[in-house]
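# Structure assessment
Given next are the chains, with one letter for each unit.
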There are 2 protein chains.
Amino acid sequence: MDQATTRGSLLLEDQLCFALYAASRSVTAGYRPLLDELGLTYPQYLVMLVLWERDQVPVRDLGAALHLESSTLSPLLKRLEASGLIRRERRADDERSVAVSLTQAGTDLREKARAIPSAIGETMGLTPEQRATAIHLLRLLTANAAGN
Amino acid sequence: MDQATTRGSLLLEDQLCFALYAASRSVTAGYRPLLDELGLTYPQYLVMLVLWERDQVPVRDLGAALHLESSTLSPLLKRLEASGLIRRERRADDERSVAVSLTQAGTDLREKARAIPSAIGETMGLTPEQRATAIHLLRLLTANAAGN
DNA sequence: CCCGATTAAGTCGTGCACAACTTAATCGGA
DNA sequence: TCCGATTAAGTTGTGCACGACTTAATCGGG
């Protein structure tokens with residue numbers, strides 16, 4: 001590692017932040033052709049992942065799981081509802097809260113999505129060890145930046 | 001590593017892609033208060049980084065450096081021009097190309113930006129070794145996903 | 001019991017990000 | 001030389017992402 005990486009360099013190529021930004025967009029671009037076949041965008045896919053794990057999720061919990069604001073989720077969920085994959089209903093016990101649940105079409109889509117993680121894992125081309133290291137470091141980054 | 005990480009799990013928490021997505025947004029959020037003081041957004045800051053390295057850059061080269069389409073850069077550059085930091089001029093030798101250059105204000109902003117990388121490095125809180133590993137893995141990911 | 005504080009969801013405005021397309025200039029082989 | 005192909009930049013439309021704000025429901029101390 002040269003000295004430029006250890007201090008106030010303004011060189012683009014030195015920046016972890018840029019590597020992160022580029023990698024994130026590159027990976028979501030890799031998902032696009034696969035998700036197009038399911039009629040989903042990448043953030044919509046993430047919402048579906050949460051719902052396939054646990055149905056009947058309040059918008060609040062979706063936001064907590066995905067680190068997204070209600071101002072991002074509300075329109076996104078409207079689009080998922082319009083495409084027939086989810087339902088949104090006010091909870092009877094707390095009228096402030098809206099529970100998101102899967103329709104039959106949303107439940108069925110899970111099977112078509114099963115092939116995606118391994119297909120993506122393929123294009124990412126990391127060894128399991130590299131993958132584990134990457135996840136570890138990214139979680140560190142997320143926690144540190146957020147916990148500021 | 002449990003077996004869920006090695007195959008078709010649809011669990012959100014297993015996904016490298018989500019860790020990447022969350023970390024990227026988390027880090028750019030960390031930049032926001034610092035960049036607000038310079039009147040820049042994060043992608044605008046990346047453009048300025050390129051220009052501080054090398055002035056008189058064609059839009060095409062900016063796109064190549066940042067992996068961005070002209071449809072993203074054109075409006076962004078208009079906003080930077082409107083805020084007085086850059087100039088855009090058609091090249092005389094090739095009228096298709098537009099060269100982007102710094103104004104005096106754009107050049108001066110560099111000094112105010114010098115403190116940013118170390119401040120961010122602080123909030124990221126990785127050791128130099130972790131940082132190098134992260135950059136290495138992210139570049140691998142970017143190259144593999146793009147080279148598909 | 002009530003009212004100020006908190007909480008959940010949503011609206012609005014701005015700025016990316018990208019696909020599909022358009023416009024205009026340059027290139028290059030027949 | 002000329003014209004079809006390529007290239008550079010920009011336009012348009014859709015969908016995030018987020019800050020600032022609004023609306024409505026619930027909470028909780030006096």
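Residues numbered from 1 in each chain as written. Chains lettered and ligands numbered in written order. Predicted model: local features only at pLDDT ≥ 70, side-chain atom pairs only at ≥ 80, totals over all residues. Heavy atoms only, no water.

By the naming in an unreviewed UniProt entry, chain A is DNA-binding MarR family transcriptional regulator, taken from Streptomyces zagrosensis.

Let's shift gears to the sheet that holds strand E2 (residues 86-90) of chain B. All names here are of chain B. Ordered by their spatial adjacency, three strands build an open sheet running E1-E3-E2, and the pairing between neighbours is antiparallel. Pairing within the sheet leaves two strands with one partner each, and these edge strands are strand E1 (57-58) and E2. Direction of pairing for E2 relative to strand E3 (residues 98-102): antiparallel, over a ladder of five bridges. Pairing of arginine 90 across the sheet is with valine 98, part of E3. Relative to E3, helix H2 (residues 42-53) is tilted by about 85°, and along the sheet it contacts E1, E2 and E3. Helix H4 (residues 70-82) rests against E2 and E3 of the sheet, and its axis sits at about 125° to E2. (Pairing = 2+ DSSP bridges. Helix = DSSP H or I, 4+ residues; strand = E, 2+ residues; numbered from the N terminus. Contact = heavy atoms within 4.5 Å. Axes fitted to C-alpha atoms, helices over the stretch in contact; angles between N-to-C directions.)

Across the contact, 60 residues belong to chain B and 60 residues belong to chain A. Approximately 5700 Å² of surface area, both sides summed, lies buried where chain B meets chain A, with 68% of it carried by carbon and sulfur atoms. Taken as a group, Leu10(B), Leu16(B) and Tyr21(B) account for 12% of the area that chain B buries against chain A, more than any other trio of residues on that side. The tally of links from chain B across to chain A stands at zero salt bridges. Scanning the region where chain B abuts chain A turns up twelve residue pairs in polar contact (both at pLDDT 80 or more). When residues of the side of chain B that touches chain A are traced back to their parent elements, those giving at least two are helix H1 (16-38), H2, helix H3 (59-66), helix H5 (104-113), helix H6 (116-124) and helix H7 (128-146) of chain B. If you tally residues by element for the side of chain B that touches chain A, the top one is H7(B), at 16 residues. The residue inventory of the side of chain B that touches chain A, partitioned by class, reads 38 nonpolar, 14 polar and eight charged. (Buried area = accessible area lost by both parts, 1.4 Å probe. Salt bridge = Lys/Arg side-chain N within 4 Å of Asp/Glu carboxyl O. Polar contact = N/O pair within 3.5 Å; in protein donor to acceptor, adjacent residues only side chain to side chain. Nonpolar A, V, L, I, M, F, W, Y, C, P; charged D, E, K, R; others polar.)

Another aspect to go through is the nonpolar core. In summary, soluble globular proteins display a tendency toward joint burial of nonpolar side chains. Grouped together as the largest cluster of nonpolar side chains are 98 residues, with contacts concentrated most on Tyr45(A) and Tyr45(B). Excluding residues within four positions of it along the chain, Tyr45(B) makes contact with Leu10(A), Gln15(A), Tyr31(B), Leu35(B), Leu40(B), Trp52(B), Ile116(B) and Pro117(B). (Core = buried A, V, L, I, M, F, W, Y, C linked by side-chain atoms within 4.5 Å. Buried < 20%, exposed > 50% of the residue type's maximum accessible area, 1.4 Å probe, protein only.)

Attention shifts here to the protein's contact with DNA strand C. For DNA strand C, the set of nearby residues contains 26 residues, the closest of which are Tyr21(A), Arg60(A), Ser70(A), Arg88(A) and Arg79(B). Atoms of DNA strand C within 4 Å of the protein: sugar and phosphate make up 76%, bases the balance. Backbone polar atom of Arg60(A) to a phosphate oxygen of DNA strand C: 2.5 Å apart, as the coordinates give it. One of the side-chain N or O atoms of Gln44(B) is found 3.0 Å from a phosphate oxygen in DNA strand C. Breaking the surface near DNA strand C down by element, the ones donating at least two residues are helix H1 (16-38), helix H3 (59-66), helix H4 (70-82) and strand E2 (86-90) of chain A together with H2 and H4 of chain B. Looking at the surface near DNA strand C, its residues break down into six nonpolar, nine polar and eleven charged. (Near = heavy atom within 4 Å.)

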